Amino acid sequence: MNNANAGAPLRLRPRLSALVAAFLDKRPFLQDMTLACGSPLNVLFPEQLAENVASFRRVLSDHGLSGRIFFAHKSNQSHSLIRQLATEVVGADVASPEELRHALGAGFTGDRLEATGPKSPEFIALCLQHAVVLNVDSLAELRDIEKVARTLRLKERARLLLRFSGFFAAHTPVLQKQSRFGIAFDARREALEFVAKSKYLTLLGYSFHLDTVTVDERVVAVENCLSAFEEALTMGLEPRVLDIGGGFKISYLENEEEWLAYVSALKQAALGAGQQLTWQNNFFGLAADQGVLRGKLNTYSYFESRPGALFLDDILNAQLPSLGGRPVGEVLRDNMIELWIEPGRALLDQCGVTVARVNSVKVSASGDTLVGLNMKRQDLSFLDQEVFVDPVVISRKSAAGKNVDAGTVHGADTAASGADTVAASGASVFFTGNLCLEGDLIFRHRVSLPFLPEPGDLVAFINTAAYMMDFSATNSIMQPPARRVAVVRERRRFHWMLDEQYTPIWRLTR
């Protein structure tokens with residue numbers, strides 16, 4: 001790993017909203033919060049949600065569609081976010097009894113919720129008692145739901161979406177990933193007949209979840225589901241909802257060229273050429289085979305040109321070959337089919353950052369610079385995926401090399417551009433965690449920074465609210481998961497409170 005600085009520094013600068021950039025500029029404020037609550041610290045911006053919800057609603061309105069947005073609760077466990085969402089024009093998608101209770105406690109009513117994922121009889125019963133729509137994952141689950149509904153003897157029928165998978169099209173070759181979810185589309189008639197015969201069940205419509213972010217596969221899934229609407233009508237059922245699930249991405253990086261350059265350099269490194277970028281030659285699915293690159297880079301695409309609501313617009317503008325090329329949105333509107341979507345990640349865009357204190361800086365036996373943080377890898381990961389987004393380093397010192405006093409804002413900090421004016425020498429480092437484990441590296445790739453951090457500095461990881469900050473968090477070797485705080489802005493002043501203390505009417509409680 002001795003040729004790390006042979007080429008120009010490879011940067012992966014984060015995309016920052018004006019709100020987050022302004023917050024990071026308040027360095028003493030951030031230092032005080034971390035001192036009070038510990039490191040790592042998850043900082044949430046619940047008031048950002050209104051803008052994110054509005055972006056999806058605008059697209060639905062532009063296409064003249066009736067639709068509902070369901071926040072995928074599993075993307076974050078925060079109290080402040082779900083409480084704020086309860087005040088917005090959205091529902092929530094819950095995947096466990098605990099998420100259901102959490103949403104109800106935050107202010108959602110049962111008719112604003114849907115349940116997805118594997119379901120125990122207890123979860124099904126709680127959903128039925130609160131009139132939550134059930135997204136049915138299998139024929140066995142369909143029979144379980146009817147059995148629970150019959151046992152509970154509720155006045156209202158269980159409201160269902162049949163979740164399908166295994167779609168096909170004669171006009172387009174589709175190679176779909178294998179999925180553990182959904183009823184095989186070939187088995188739809190059995191499911192429809194079961195619902196049609198039951199006096200405890202009502203069919204609202206269909207849904208699907210695709211483990212892909214391409215428009216073409218969604219078009220095929222929509223076409224298949226539209227044909228199932230016609231089949232249901234012949235059985236006396238009246239479906240009116242199509243739920244196309246999630247998969248609405250975030251663009252984490254400011255610059256596409258930087259992302260492409262980094263991926264290219266990573267491939268070169270896997271072939272043994274160029275800069276050494278990774279720890280212990282971990283190439284994330286890539287491998288060299290006699291000078292030929294094999295495998296596939298197993299990572300999220302951290303730059304996305306059509307994120308969030310723009311991707312929804314692409315889906316609704318996509319043409320349906322089996323219906324004469326008419327756009328998806330037009331067909332749904334003309335047939336008065338209500339569109340449901342389940343964004344989790346995209347609704348949390350720019351809603352959170354994770355901050356950690358620098359514990360140590362050292363040089364390893366192999367000559368690499370290791371920056372030790374007071375956090376562990378699980379505090380910033382979705383399962384075990386690598387995060388390719390540079391953090392912002394927040395120095396305790398001013399440009400003149402003096403400590404920044406509490407209450408003083410260092411205006412020269414250029415966090416919004418991902419740089420800092422404290423030093424210009426640059427540094428190439430690996431970030432390590434605080435577990436006594438060899439594998440506890442925050443990132444397994446090298447990060448180029450505008451200057452070398454010092455113990456006591458803060459490192460802010462940007463846009464971590466969706467699936468990163470608490471999805472995989474553990475208390476391994478008694479290291480506690482990060483605490484959460486909610487941050488709000490009033491004019492130019494920021495306020496913070498513990499996540500569990502946040503209420504959308506916080507201004508009335510001061």
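Residues numbered from 1 in each chain as written. Predicted model: local features only at pLDDT ≥ 70, side-chain atom pairs only at ≥ 80, totals over all residues. Heavy atoms only, no water.

Draft legend 1. Quick peek at the overall build of the protein chain. Broken down by element type, the protein chain carries twelve helices and 22 strands. In terms of overall size, the protein chain behaves like a compact globule, its C-alpha atoms giving a radius of gyration of 25 Å where 510 residues would be expected to give roughly 24 Å. Projected onto its principal axes, the C-alpha coordinates of the protein chain cover approximately 75 × 65 × 45 Å. If you take every contact in the protein chain between residues at least 6 apart in sequence, the share linking residues at least 24 apart comes to 71%. As displayed, the protein chain has an accessible area near 22000 Å², and 50% of this comes from carbon and sulfur atoms. Charged side chains in the protein chain number 54 positive and 57 negative. The centres of these two groups are separated by 4 Å. (Helix = DSSP H or I, 4+ residues; strand = E, 2+ residues; numbered from the N terminus. Rg over C-alpha atoms; globule rule 2.2 N^0.38 Å. Contact = heavy atoms within 4.5 Å. Areas by Shrake-Rupley, 256 points an atom, 1.4 Å probe, with all protein chains shown as cover. Lys, Arg positive; Asp, Glu negative; His and termini not counted. Charge placed at Lys NZ, Arg CZ, Asp CG, Glu CD.)

Draft legend 2. Highlighting the packing of helix α5 (residues 97-106) against helix α6 (residues 121-129). One way to put it is that α5 packs onto α6 with a least axis distance of 9 Å and a crossing angle of 25°. It follows from the interaxial angle that α5 and α6 lie roughly parallel. The interaxial crossing formed by α5 with α6 has left-handed handedness. Residues Pro 97, Leu 100 and Arg 101 of α5 lie in contact with α6, whose contacting residues are Phe 123, Leu 126 and Cys 127. Tallied by class, residues from the contact of α5 with α6 come to five nonpolar, no polar and one charged. (Axes fitted to C-alpha atoms, helices over the stretch in contact; angles between N-to-C directions. Parallel < 35°, antiparallel > 145°, perpendicular 65-115°, else oblique. Left-handed = near helix turned anticlockwise from the far one by under 90°. Nonpolar A, V, L, I, M, F, W, Y, C, P; charged D, E, K, R; others polar.)

Draft legend 3. Structural detail: the pairing of strand β16 (residues 369-373). Summarising burial for β16: five of the five residues are buried, a large majority. Every second residue of β16 is oriented toward a common face, with Thr 369, Val 371 and Leu 373 on one face and Leu 370 and Gly 372 on the other, all of them buried. Two elements, strand β15 (residues 352-363) and β16, share five bridges in a ladder whose sense is antiparallel. Paired with Ser 360 across the bridge in β16 is Gly 372. Where β16 and strand β18 (residues 427-432) come together, four bridges link them in parallel fashion. Following the sheet pairing, Leu 370 is matched in β18 by Phe 430. (Buried < 20%, exposed > 50% of the residue type's maximum accessible area, 1.4 Å probe, protein only. Pairing = 2+ DSSP bridges.)

Draft legend 4. Structural view of the packing of aromatic side chains. In the structure shown here, the tally under the stated rule is 28 aromatic pairs. Here the aromatic rings of Tyr 206 and Phe 229 are separated by 5.0 Å at their centres, their planes lie at 85°, and the arrangement is edge-to-face. With Tyr 206 in strand β8 (residues 201-208) and Phe 229 in helix α9 (residues 215-234), the pair connects residues that are 23 residues apart, well separated along the chain. For the pair Tyr 206 and Phe 229, one class covers both residues: buried. Seen from their ring centres, Phe 284 and Phe 388 are 5.2 Å apart, and the 85° between their planes marks the pair as edge-to-face. Here Phe 284, found in the loop between α10 (256-270) and β10 (286-289), pairs with Phe 388, found in the loop between β16 and β17 (392-394); they are 104 residues apart in sequence, far enough to count as distant. No difference in accessibility class separates Phe 284 from Phe 388, as the two residues are buried. Ring pairs connect the aromatic residues Phe 164, Phe 167, Phe 168, Phe 185, Tyr 206, Phe 208 and Phe 229, which therefore count as one cluster. When the ring centre of Trp 340 is taken as reference, the NZ or CZ atom of Arg 68 above it lies at 5.2 Å. (Phe/Tyr/Trp six-rings, centres within 6.5 Å; stacked < 30°, edge-to-face > 60°. Lys NZ or Arg CZ within 6 Å of the ring centre and 35° of its normal.)

Draft legend 5. Spatial organisation of the packing of helix α8 (residues 188-197) against α9. One way to put it is that α8 packs onto α9 with a least axis distance of 11 Å and a crossing angle of 40°. Classified by the angle their axes make, α8 and α9 are oblique. In the packing of α8 onto α9, the handedness of the crossing is right-handed. Seen from α8, the contacting residues are Arg 188, Arg 189 and Leu 192; seen from α9, they are Ala 228, Glu 231 and Ala 232.

Draft legend 6. A look at the side chain of Glu 99. In this fold, Glu 99 is placed in helix α5. For Glu 99, the side chain forms a polar contact with the main-chain nitrogen of Ala 95, separated by 2.8 Å. Once residues lying within four places of it in the same chain are set aside, the contact partners of Glu 99 are His 73, Lys 74, Asp 93 and Val 94. (Polar contact = N/O pair within 3.5 Å; in protein donor to acceptor, adjacent residues only side chain to side chain.)

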